[in-house]
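# Summary of structural features
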Amino acid sequence: MNRVEYRDVVFAEIDGYRPLLLDLTVPADAPAPVPLLIWLHGGAWRVGSPRVGDSWLGVADPVGAALAAGYALATVQYRFSGEAHYPAQRDDVRAAVAALRRLAPEAGLDPARFGAWGESAGGHLAAVLGLDRREAEPDSEVQAVVAWYAPSDLTTLGRTPGSPESLLLGPAAEHEEARRLAGPLAHVSPAAPPTLLMHGDADKLVPCDQSRRFADALTAAGATAEFVVVPGAGHCFAGADLREPVRLSLDFFDRHL
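Quantities reported herein were computed from a predicted structural model and do not represent experimental measurements. (Residues numbered from 1 in each chain as written. Predicted model: local features only at pLDDT ≥ 70, side-chain atom pairs only at ≥ 80, totals over all residues. Heavy atoms only, no water.)

### Observations regarding the sheet that holds strand β3 (residues 34-40)
Pairing is mixed in the open sheet, where eight strands are placed in the order β1-β2-β4-β3-β5-β6-β7-β8. The open sheet has two free edges, formed respectively by β1 (3-12) and β8 (225-230), since each of these has just one partner strand. Averaged over all neighbouring strand pairs, the angle between strand axes comes to 20 degrees, with direction disregarded. Here β3 pairs with strand β4 (residues 72-76) via four bridges, running parallel. Pairing of W39 across the sheet is with T75, part of β4. Sitting on the sheet, helix α3 (residues 121-131) is in contact with β3, β5 (109-119), β6 (144-148) and β7 (195-200), with an inclination near 140 degrees to β5. The sheet strands contacting helix α7 (residues 243-256) are β3, β5, β6, β7 and β8, and the helix crosses β6 at an angle near 165 degrees. (Pairing = 2+ DSSP bridges. Helix = DSSP H or I, 4+ residues; strand = E, 2+ residues; numbered from the N terminus. Axes fitted to C-alpha atoms, helices over the stretch in contact; angles between N-to-C directions. Contact = heavy atoms within 4.5 Å.)

### Remarks on the layout of surface pockets
Of the voids in this model, the largest pocket is the one considered here, and its volume is about 410 Å³. Around the largest pocket, the lining comprises 27 residues; the ones closest to its centre are G42, G43, A44, S120 and H235. Along the lines of polarity and charge, the residues of the lining of the largest pocket split into 13 nonpolar, nine polar and five charged. (1 Å grid on protein atoms, 1.4 Å probe; cavity = no way out; pocket = protein on both sides within 12 Å on 5 of 7 lines; lining within 4 Å. Points joined across faces, edges and corners; volume = space filled by probe spheres on them. Nonpolar A, V, L, I, M, F, W, Y, C, P; charged D, E, K, R; others polar.)

### Re the pattern of salt bridges
Between side chains of opposite charge, a pair can form when the charged atoms approach closely. What the rule picks out here adds up to 21 salt bridges. For D23, the salt bridge is made with R7, and the minimal N-O distance between the two is 3.5 Å. Taken together, the positions of D23 in strand β2 (residues 20-27) and R7 in strand β1 put the pair 16 residues apart, joining distant regions of the chain. Here R7 falls in the partly exposed class, since its relative accessible area comes to 42%. One salt bridge in this structure joins R134 and D132, with 2.9 Å as the shortest N-O distance. The exposure class of R134 is partly exposed, given its relative accessible area of 36%. Each member of the salt-bridge network shares a partner with another, and the members are E5, R7, D8, D23 and R51. (Salt bridge = Lys/Arg side-chain N within 4 Å of Asp/Glu carboxyl O. Buried < 20%, exposed > 50% of the residue type's maximum accessible area, 1.4 Å probe, protein only.)

Below is the structure:
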């Protein structure tokens, strides 16, 4: 497929940290403007790479699938917990969305149709991006969210000092309100964008109940939410056909962007 690629776009230069980069791929043959999906990778907020093709997800090729479905797709870096504590990661993905809106006229993107799509820690950030609008500028908004096997309530996870959640929060991990506000569940409201939550029911790392309770809260608030259980799948959808979650995610974006 013909595509236009923008590589290593610097979207944030924060004093004392490395420059943060994003990659953007736009289908060349799609009529402009095209909707954009913003991919946020997992890795417990401390490791990982946005280069999807080099990861375990390469077999499902979500980038190629998104392009074939008529979407542009951006992959985004954010600071790891060893570099900065939360909410730095939230602020980084907000900055990426704002930068992509500035790039929209040149790249042929539709700034009114941005979706956030993430897995594990990246799913947490995708949901936070959609729901936590405290002190956020309008240009960092997204219009739909898909989160795969994502932590939603940090008050019930990672209570030990060396856990990913405690490392993400740093000293704030000792404060219950900071833990609560770091999870998207705390920011549920009727204004939440349409949200799809997908989770394997054999996930031993992030319990499926994290997504179930999150979906129930969104529905109770009057927001649009869908919850899909992947039977027998562990974390990272281990044991499942990865192409099916990709298909269902793109179908959700088709209906809501």
